[in-house]
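# Breakdown of the fold
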Amino acid sequence: MYYRRTLTDAQINRELLDVVLRTPMWWVIIVSILGLIVAGAASAFGFMMNQGLGVTGLQQPIFWGFFITNFIFWVGISHAGVMISAILRLSQAEWRRPMVRAAETMTVFALMTSLLQPLIHAGRPWRIFYWVFPYDWARGIWPDVRSPLVWDPTAIITYLTSSTLFVYTALIPDLAIIRDRSTGWRRTVYGILALGWHGNPRQWKLQGIAGILLSALILPVFVSVHSIVSWDFGVSLVPSWHVTVFAPYFVIGAVHSGVSAVVTLMILMRKLYKLENFIWEEHIDAVARLLIVVATAWLFFFWLDLVFALWLREEQEMTVWHLRLFEPPWSWLFLVFIVFSYIIPVPLWMFRRVRRSFTWMLWTSLMVNVGMFLERLIIIVPALMRKGPWTFTYDTYRPSAVEVTLIVGSIALVVLLLMLFSKFFPLIPIWEEKEGQKLIDDVRVGDRVIPALVKEH
Amino acid sequence: MATRTQNTRANHKWGMVIDLDRCSGCQACVIACQAENNIPLNDQSAFLDGRAIEWIRVERYWEGDYPDIKARFLPVLCQHCDNAPCESVCPVYATYHNNEGLNVQVYNRCVGTRFCGNNCPYHARLFNYWEPVWPEELRNQLNPDVTVRTRGIMEKCTFCIQRIRRSTRGGKQVEDQAFNPACVQACPTDAMTFGNLNDPDSRVSRKWEDERAYRVLEGLGTNPSVKYLKQVDAHA
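Residues numbered from 1 in each chain as written. Chains lettered and ligands numbered in written order. Predicted model: local features only at pLDDT ≥ 70, side-chain atom pairs only at ≥ 80, totals over all residues.

A few words on the overall build of chain B. Scanning chain B for helices and strands turns up 7 helices and 10 strands. Each of the three principal axes of chain B carries a C-alpha extent, and together these read 65 × 45 × 35 Å. (Helix = DSSP H or I, 4+ residues; strand = E, 2+ residues; numbered from the N terminus.)

A separate point is the packing of helix α4 (residues 66–90) of chain A against helix α10 (residues 246–272) of chain A. Residue and element names in this part refer to chain A. Closest axis-to-axis distance for the α4/α10 pair is 6 Å, and the angle between their directions is 75 degrees. Taken as axis vectors, α4 and α10 run roughly perpendicular relative to one another. The residues of α10 that touch α4, namely those facing Val-75, Gly-76, Ile-77, Ser-78, His-79, Ala-80, Met-83 and Ile-84, are Gly-253, Ala-254, Val-255, Ser-257, Gly-258, Val-259, Ala-261 and Val-262. Of the residues in the contact of α4 with α10, the class split is 10 nonpolar, 6 polar and no charged. (Axes fitted to C-alpha atoms, helices over the stretch in contact; angles between N-to-C directions. Parallel < 35°, antiparallel > 145°, perpendicular 65-115°, else oblique. Contact = placed C-beta atoms within 7 Å. Nonpolar A, V, L, I, M, F, W, Y, C, P; charged D, E, K, R; others polar.)

The next point concerns the nonpolar core. By size, the foremost hydrophobic cluster in this structure holds 180 residues, and its most contacted members are Met-106, Val-259, Val-262 and Met-266 of chain A. Once residues within four sequence positions are removed from consideration, Val-259 of chain A is found in contact with Ala-80, Met-83, Val-287, Leu-290, Leu-291 and Val-294 of chain A. (Core = buried A, V, L, I, M, F, W, Y, C linked by C-beta atoms within 7 Å. Buried ≥ 20, exposed ≤ 12 C-beta atoms within 10 Å, placed from the backbone.)

A few words on the sheet that holds strand β1 (residues 14–19) of chain B. Sheet strands line up and pair through hydrogen bonds in the backbone, either parallel or antiparallel. Residue and element names in this part refer to chain B. In spatial order, the strands read β8-β1-β10-β9; together these 4 strands make up an open sheet with mixed pairing. A strand with exactly one partner marks an edge of an open sheet, and here the two such strands are β8 (192–196) and β9 (213–214). Bridge count between β1 and strand β10 (residues 226–229): 4 bridges; the pairing is parallel. When the bridges of β10 are listed, Ile-18 appears paired with Tyr-228. (Pairing = 2+ DSSP bridges.)

For the rest of this paragraph, the subject is the environment of Leu-413 of chain A. Residues and elements named next belong to chain A. Inspection of the secondary structure puts Leu-413 in helix α17 (residues 401–424). Between the C-alpha atoms of Leu-413 and Ile-37, which are 376 residues apart in sequence, the distance is 8.2 Å. If we ignore the near neighbours within four places in the chain, the residues touching Leu-413 are Val-38 and Thr-113.

Let us now look at the environment of Val-204 of chain B. All names here are of chain B. The topology assignment puts Val-204 in helix α7 (residues 203–208). For the pair Val-204 and Ile-39, spaced 165 residues apart in the sequence, the C-alpha separation amounts to 27 Å. In this structure, Val-204 is in contact with Gly-15, Met-16, Val-17, Thr-193, Phe-194, Gly-195 and Leu-197, ignoring residues within four places of it in sequence.

The interface is formed by 35 residues belonging to chain B together with 35 residues belonging to chain A. Sorting the residues of the side of chain B that touches chain A by element identifies β2 (56–63), α3 (85–89), α4 (115–119) and β6 (126–127) of chain B as the ones contributing at least two each. Counting residues per element, the side of chain B that touches chain A draws most heavily on α4 of chain B, at 4 residues. Looking at the side of chain B that touches chain A, its residues break down into 18 nonpolar, 9 polar and 8 charged.

All names here are of chain B. By the criterion of burial, β8 is predominantly enclosed, with 5 of the 5 residues buried. Strand direction decides the pairing type here: β1 and β8, joined by 5 bridges, are antiparallel. Bridged to Met-16 within β8 is Phe-194.

Below, the discussion takes up the environment of Val-402 of chain A. Residues and elements named next belong to chain A. For Val-402, the location among the structural elements is in helix α17. Val-402 sits 65 residues away from Phe-337 along the chain, and the two C-alpha atoms are 23 Å apart. The residues touching Val-402, leaving out its near neighbours within four places in the chain, are Ala-44, Phe-47, Met-48, Val-55 and Thr-56.

Residue and element names in this part refer to chain B. Residues of chain B with pLDDT of at least 70 account for 95%, and the chain-wide mean is 88. Taken element by element, chain B is modelled with least confidence in helix α2 (residues 44–48), mean pLDDT 87, and with most confidence in helix α6 (residues 182–186), mean pLDDT 95. Here residues 1–6 is modelled with pLDDT under 50, and outside its nearest four sequence neighbours on either side it reaches 3 contacts, counting other chains as well. This prediction of the complex comes with two scores: 0.91 for pTM and 0.88 for ipTM. (pLDDT = per-residue confidence, 0-100.)

All names here are of chain B. Of the pairings in the sheet, the one linking β2 to strand β3 (residues 70–77) comprises 8 bridges and is antiparallel in character. Paired with Tyr-61 across the strands is Arg-72, a residue of β3. Count of turn residues in the β2/β3 antiparallel hairpin: 6 residues, of which Gly-64 carries a positive phi of about 85 degrees.

Below, the structure written as structure tokens:
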């Protein structure tokens, strides 16, 4: 049972629109710092474009490194959106309310960033568009639909489109609220964006139907996106990539890292935007309980992946697993990965006090994502290092400064985009909060006032 | 709409047989390939960075235990697999199979995703990390028949397609041994044989059926167009 916190509509408006209607100093400072980091990463990319991919740490057998790791990582993070907004909305979990928009927005920005990664990684990024869009029709050259690299953009652009629609549909009532509270050109812009929203019953009904429809339609994407991304590896001939378990393993891993990222985001938001009235211990507690299940399911699939390799005892595959598990530096990275993404956080989440502590949850959720980044790295690089029984490949991959800068830049980019979004739109849906309040408001029955619990929390 | 040009090519299926009994690991093939195909000079730093470009390389490995140990050599080049793993993963058709059994790399189409390189079990595909440069005095020795590859794309052995094209111009059927790729031509021990597998009387077709013949990593089902003749020790 949740505490009942009664907030008036005026208070909800005031607190959630605080950053939108005025610009605090800390916001300017954080945005400028993030902007500087992103600018640094952009110059690193320019340097790489100018010099060639030689400035990375990639070498002959290891053709994929940090960029592809980062691509998988951000697609993984984006899975939080569909998990939180669609599944929790359809299952009518009340505690989703304060986190739906933040999760969905993070999804959109994470997907945009993930789409950048293959672009950065390609040898000739300036010619990349006919990878997806066949522009030279006259020559009859089309993308090869047998290649998983064509399935990837298809899946991700589908997800990006539906997520953007989702964010926008849920944003319309709030846009109208901002429109009514702003003046001048801002009022015009918000007015156009709000699509003439007046909050009449028919509009609410249509908006509700659109939300439910999009939630339902987005569900197949939930399974497909990371499955398809995993087939980049699954359909290849590389030992230890060539496994059937990759699709579910990647999907559940994506949910693990994505939901953890939502926890991180919620806690930071609560602190920065002073949302103590909206994000409670109970919310974080509920997500942490979800995370225990997701993490354990993920561990099961990880275990399957390992067991399948041990079962087959195929020589090349065993060589790859030997490298991952027993040869430094990979053995150390493996240890950090498994400890960070399961062994430390999950037992801690068993304790109610940890689940309800914002500090603990912040650090454990960050830990999970460090671990999950390493997981992708450990899947990709060691497999390429021991791909074939040739003698010249016994070197390791060391990411260069350019690659590290671009990874840091991608994190800064997502946070920057979220910060900019929060300046123009409320990060917590105002109408969802008000709806939640209505469901627990007191009602007067005769001469008695009783709490109306329309929905169980 | 695109119009398809009529196929005027003769009936060729190019293949190669490498007799390991004859191979001494001298690397003449490597150098010949380098000169013929405009491959940049592989200096020490290229090898240390793991970025040396060799369309054909000689793998050296040991067989047996000391003192009864033998050095074995295996020249590895693109195997021109009939069921090539590199082809199906390229999103832009930069690599495909042509009707002469060649696995062709189209430099202009390549965007450098490097998936083909990952998927090649023979490590025959190489990536241009830098713009290739030659010392000034070597500029004029570049082969005018071969494209100089830019940075950011994949490249690999072509079975010296420029020589194939020159000999088969106008849909001409080639006589056996009328020409050879640079590596075959340079081999001092005559370990390599190249030719048309569709011609049952060609030298390569006869060696193709040799009882010592095998393909490398045959279990992967890539069905290469290159066969190796197993080394047999006389005093084993």
